[in-house]
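Working through the structure, step by step
Take a look at the letters that make up each chain.
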Amino acid sequence: MPKKCRLLTTFFFFALLPVGAIADEVVLLNGDRITGDITRLEDGRLTIKTPYAGNVAIQWEDVATLSTEQPVSVVIDESRVRARILADETGAAMLEAGDWMDSRSIALSRIGAMTREPEPPVRVTGRINIGASASSGNTDTERLHANTEVVARSVKNRFTIGGAINRAKDGEVETESNARGYMKYDHFISKRWYAYTNADFERDKFKDIRMRTTIGVGSGYQFYESRRTNLSVEAGVTYVNTDFDVQQDENYPAGRVATNFDHFLFGSGAQLFHRHEVFAGLEDSDQLFVRTQTGVRFPIVARLNATVQYNVDWEKEPAPGRSSTDRMWMMTVGYSW
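Rules used throughout
Residues numbered from 1 in each chain as written. Predicted model: local features only at pLDDT ≥ 70, side-chain atom pairs only at ≥ 80, totals over all residues. Heavy atoms only, no water. Helix = DSSP H or I, 4+ residues; strand = E, 2+ residues; numbered from the N terminus. Buried < 20%, exposed > 50% of the residue type's maximum accessible area, 1.4 Å probe, protein only. Contact = heavy atoms within 4.5 Å. Areas by Shrake-Rupley, 256 points an atom, 1.4 Å probe, with all protein chains shown as cover. Pairing = 2+ DSSP bridges. Axes fitted to C-alpha atoms, helices over the stretch in contact; angles between N-to-C directions. Patch = residues over 30% accessible without salt bridge, like charges linked within 9 Å, V, L, I, M, F, W, Y side chains within 5 Å. Salt bridge = Lys/Arg side-chain N within 4 Å of Asp/Glu carboxyl O. Lys, Arg positive; Asp, Glu negative; His and termini not counted. Charge placed at Lys NZ, Arg CZ, Asp CG, Glu CD. Core = buried A, V, L, I, M, F, W, Y, C linked by side-chain atoms within 4.5 Å.

Regarding the overall build of the protein
Scanning the protein from terminus to terminus reveals one helix and 22 strands. Counting the 337 residues in the protein, one finds 37% classified as buried. Taking contacts inside the protein between residues at least 6 apart in sequence as the whole, the part at least 24 apart equals 46%. About 19000 Å² of surface is accessible on the protein, with carbon and sulfur atoms providing 59% of the total.

Focus on the sheet that holds strand E15 (residues 193-204)
Pairing is antiparallel around the closed barrel formed by twelve strands, whose spatial order is E11-E12-E13-E14-E15-E16-E17-E18-E19-E20-E21-E22. Going across the sheet, the axis of each strand differs from the next one's by a mean of 20°, ignoring polarity. As paired strands, E15 and strand E16 (residues 209-225) are joined by eleven bridges and run antiparallel to one another. Paired with Tyr 194 across the two strands is Gly 220, which belongs to E16.

Some thoughts on a negative patch on the surface
Together, Asp 140, Glu 142, Asp 170 and Glu 172 line one region of the surface with negative charge. Among the structural elements, Glu 142 can be located in strand E12 (residues 141-153). A residue is classified by how much of its surface remains accessible, and Glu 142, at 46% relative accessible area, is partly exposed.

Here we look at the pattern of salt bridges
Enumeration over the complete set of coordinates arrives at 24 salt bridges. Across the pair Glu 277 and Arg 180 runs a salt bridge, and its minimum N-O distance is 3.1 Å. Note that Glu 277 is positioned in strand E19 (residues 271-281) and Arg 180 in strand E14 (residues 173-188), a separation of 97 residues in sequence. A residue is classified by how much of its surface remains accessible, and Glu 277, at 12% relative accessible area, is buried.

Section: the nonpolar core
Val 26, Trp 60, Val 63, Leu 66, Ile 111 and Met 114 are the most contacted members of the largest nonpolar core, which totals 23 residues. Only strand E1 (24-28), strand E2 (33-42), strand E3 (45-50), strand E5 (63-67), strand E6 (72-76), strand E7 (79-87), strand E8 (93-96) and strand E10 (111-115) provide two or more residues apiece to this core. Discounting residues that sit within four places of it in the chain, Val 63 has contacts with Val 26, Val 27, Leu 28, Leu 29, Leu 46, Ile 58 and Leu 108. If you look at the next biggest cluster of nonpolar residues, it comprises five residues, including Val 240, Tyr 252, Phe 279 and Phe 289.

Some points on the pairing of E3
Side-chain alternation along E3 places Leu 46, Ile 48 and Thr 50 on a buried face and Arg 45, Thr 47 and Lys 49 on a face that remains uncovered. Here E2 runs beside E3; their pairing, made up of five bridges, is antiparallel. Within E3, the position partnered with Leu 41 by the bridge is Leu 46. Counted between consecutive antiparallel strands, the loop separating E2 from E3 contains two residues, among which Asp 43 sits at a positive phi close to 55°. Pairing geometry for E3 and strand E4 (residues 54-59), over six bridges, is antiparallel. The residue of E4 that forms the bridge with Thr 50 is Gly 54.

A few points about the environment of Asp 77
Relative to the helices and strands, Asp 77 resides in the loop between E6 and E7. Relative accessible area serves as the criterion here: at 38%, Asp 77 is assigned to the partly exposed category.

Some details on the pairing of strand E21 (residues 304-315)
Sheet topology note: the strand E20 (residues 288-301)/E21 ladder contains twelve bridges and is antiparallel. Along E21, the bridge assignment pairs Thr 292 with Val 312. Between E20 and the antiparallel strand that follows it, E21, lie two residues; Ala 302 among them carries a positive phi value of about 50°. Pairing of E21 with strand E22 (residues 325-336), which is carried by eleven bridges, proceeds in the antiparallel orientation. Paired with Val 308 across the bridge in E22 is Met 331.

Topic: the side chain of Thr 238
By secondary structure assignment, the location of Thr 238 is in strand E17 (residues 229-244). Thr 238 gets classed as buried once you look at its relative accessible area, which sits at 5%. The contacts of Thr 238, once residues within four sequence positions are left out, are Thr 214, Ile 215, Gly 216, Tyr 252, Pro 253, Ala 254, Arg 256 and Phe 279.

Structure follows, in structure tokens:
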């Protein structure tokens, strides 16, 4: 091979070799350097996939600076940007992207999340669960429960819509008949604080409720929001209008307090969840009712799961002849996405 050809071959070999060798790098406060592929920053933990130790999780507060070979999806304050991160001599970081071409230094504390893959503008999650039973012979019963919920989340907004239905018969006698639908919109004013508006529609034949409508506004605080843990609390005002089948209809302003919590107990295994809403009339202390749902979801295969759930609904002043507390145990099979 001519000398010139050998030189050209050697040049192209060494020019192409670094492409596969260069990797992301994380520099810790103690001076240690970790190289690999940064996969995610979430809940204050940075995960980097290394060729020598697999996935390594690092506390974000222990990171001095970092750099990425390819652009990553980064949440800066309340905005999302697709950018390449460059190490900064001051111990911060620089973003190299269309909106940050001057590569200004960015304090690491302003970076709230990071992913290797580009995040969609709107992330949609949801689930649908169904539970049913039937028996015949000496015992003739039928029971059906179904519920669903869909959440669409962008950086600033979150839309939730859902519903549930319950039916039961003992022989030819209907023993349960209720349904509920709800919708909610959250607008995030900051990373944690959000304003909300919601509407809820409930019907329960055995509570004498032909239709109960609640429409409200308020504010919430998102303590945690991740794939593993979610926790928020809310407080606001609500207008309650209840049309009864027998007793006199009523409407009144009420205060609303709510909590929404879920957490995966064992990594991506069983998920514990709890929700409750408290509605308290602002004019009459007897106008008080509470809804709670508590349970555990277990994975079956792929996106299929089983749920064990316990619901308690309580009213301080129910319709005449009705019990103040309704309790329900249920087991369902569902699909999540």
